[in-house]
Amino acid sequence: MRFFHLSDLHLGKRVCECSMLEDQKYILDQILSLLDTHPVDGVLLAGDLYDKPVPPAEAVRLLDWFLTELSARKLPVFAIAGNHDSADRVAFGSHLLASSQVYVSPVFAGAPEPITLTDAYGPVDLYLLPFLKPAMVRHAYPDEPPEAAQTYNDALGCVLRHCKPDPARRSVLVAHQFVAGATACESEEPSVGGLDCVDAALFEGFDYVALGHLHSPQKVGRETVRYCGTPLKYSFSEARQQKSVTLVELGPKGTVDITALPLTPLHDLR
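Keep in mind it's a predicted model, so treat the numbers as computed, not measured. (Residues numbered from 1 in each chain as written. Predicted model: local features only at pLDDT ≥ 70, side-chain atom pairs only at ≥ 80, totals over all residues. Heavy atoms only, no water.)

A word on the side chain of histidine 5. Along the chain, the position of histidine 5 falls in strand S1 (residues 2–6). Apart from the residues lying within four places of it in its own chain, the contact partners of histidine 5 are Leu44, Ala46, Tyr208, Ala210, Leu211, Arg226, Tyr227, Cys228, Val245, Thr246 and Val248. (Helix = DSSP H or I, 4+ residues; strand = E, 2+ residues; numbered from the N terminus. Contact = heavy atoms within 4.5 Å.)

Look at helix H2 (residues 57–72): 22 Å from first C-alpha to last across 16 residues, which is about the 22 Å you get at 1.5 Å a residue. Burial in H2 covers these residues: Ala59, Leu62, Leu63, Phe66, Leu67 and Leu70. The arc enclosing the buried residues of H2, seen along the axis, measures out at 130 degrees, which places them on a common side. Away from its buried face, by an angle of more than 90 degrees, H2 presents the exposed residues Arg61 and Ala72. On its buried side, H2 packs onto S1, helix H1 (21–37), strand S4 (42–45), strand S5 (77–79) and strand S6 (102–104). Just beyond H2, the residue with positive phi is lysine 74, at close to 60 degrees. (Expected span 1.5 Å × (residues − 1). Buried < 20%, exposed > 50% of the residue type's maximum accessible area, 1.4 Å probe, protein only. Arc of directions from axis to C-beta.)

We now examine the pattern of salt bridges. Under the criterion given, the structure shown has 12 salt bridges. Here arginine 73 makes a salt bridge to glutamate 69, at a shortest N to O gap of 3.0 Å. Classification of arginine 73 as partly exposed rests on a relative accessible area of 28%. On the basis of relative accessibility, which here comes to 25%, the residue glutamate 69 falls in the partly exposed class. As a salt-bridge pair, glutamate 223 and lysine 219 come within 3.0 Å of each other at their nearest N and O atoms. (Salt bridge = Lys/Arg side-chain N within 4 Å of Asp/Glu carboxyl O.)

So, about the nonpolar core. Among the nonpolar cores identified, the biggest contains 37 residues, and Phe4, Leu45 and Leu70 are the most heavily contacted of them. Breaking this core down by element, the ones donating at least two residues are S1, H1, S4, H2, S5, S6 and strand S15 (244–250). Per element, the largest residue contribution to this core is 7 residues, and it comes from H1. Formed by 30 residues, the second largest nonpolar core is a distinct cluster that contains Phe108, Val179, Val209 and Val220. (Core = buried A, V, L, I, M, F, W, Y, C linked by side-chain atoms within 4.5 Å.)

So, on to the pairing of S1. Among the 5 residues that make up S1, 4 are buried, leaving the element largely enclosed by the rest of the structure. Alignment of S1 against S15, held across 4 bridges, turns out to be antiparallel. Within the sheet, the bridge partner assigned to phenylalanine 4 lies in S15 and is leucine 247. Alignment of S1 against S4, held across 4 bridges, turns out to be parallel. Residue pairing for S4: leucine 6 is matched across the bridge by leucine 45. (Pairing = 2+ DSSP bridges.)

Of all 7 residues in S15, 6 are buried; the element is thus mostly enclosed. Hairpin connection from S15 to strand S16 (residues 256–262): 5 residues lie between these consecutive antiparallel strands, with glycine 254 at a positive phi of about 95 degrees.

All right, on to the side chain of serine 244 then. Relative to the helices and strands, serine 244 is located in strand S15. The contacts of serine 244, once residues within four sequence positions are left out, are Cys228, Ala260, Leu261, Pro262 and Leu263.

In short, shape yes, function no, at least from these values alone.
As structure tokens, then:
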């Protein structure tokens, strides 16, 4: 089973007071062209769909156009809210969108239920976990002891204890967190002292973890826990990066192949 892993579109973003909407439309068009030449079974959107919780109308229309194009290709889409998104706004119409195979993470209220696709090797369970803060987890699990969600790492661990994938089946987690050991860029918003860091070991039960939040494409801990990075450069620290789409192919249980498909921007940053 093959997926495109995307994240951090940041639709509506401005860089040095310049609107990026034209460049974002151009790169989304290019991603659609890559989909036409590299057939996949689904698209993973790992958060920060927008740059702000209340995005400009033009950014909303651009995401609407992109999702409509994906739906027209009969591709299931698995999207979550990131820290830049309003979870309530991203989740709006989620039940209606699901009828078109556009699956959007709801506002967090507990461990996600898997969405299952099937190929020649059997089922693949996909879990959509939006950006988490400890307070969200304490609210969702009031019967857990206070120390179960004191830190971001505790909170994620608490949720994943309630969300254990079947070890006999292939599983994919789409999440949006800062995993310890990963490399950040200037365009991100680091926390003081790394308070929002989580441990990659928490993801041990998943065959592939599609991460969003950090803007550089990279693995964390193991090859199959990955940030795909932004499709565009949003800071001068990214000037020498090759932006790409991550193509993930799940074969039989335990077999995952990963390929970076390069993207060419309308305007480069230098």
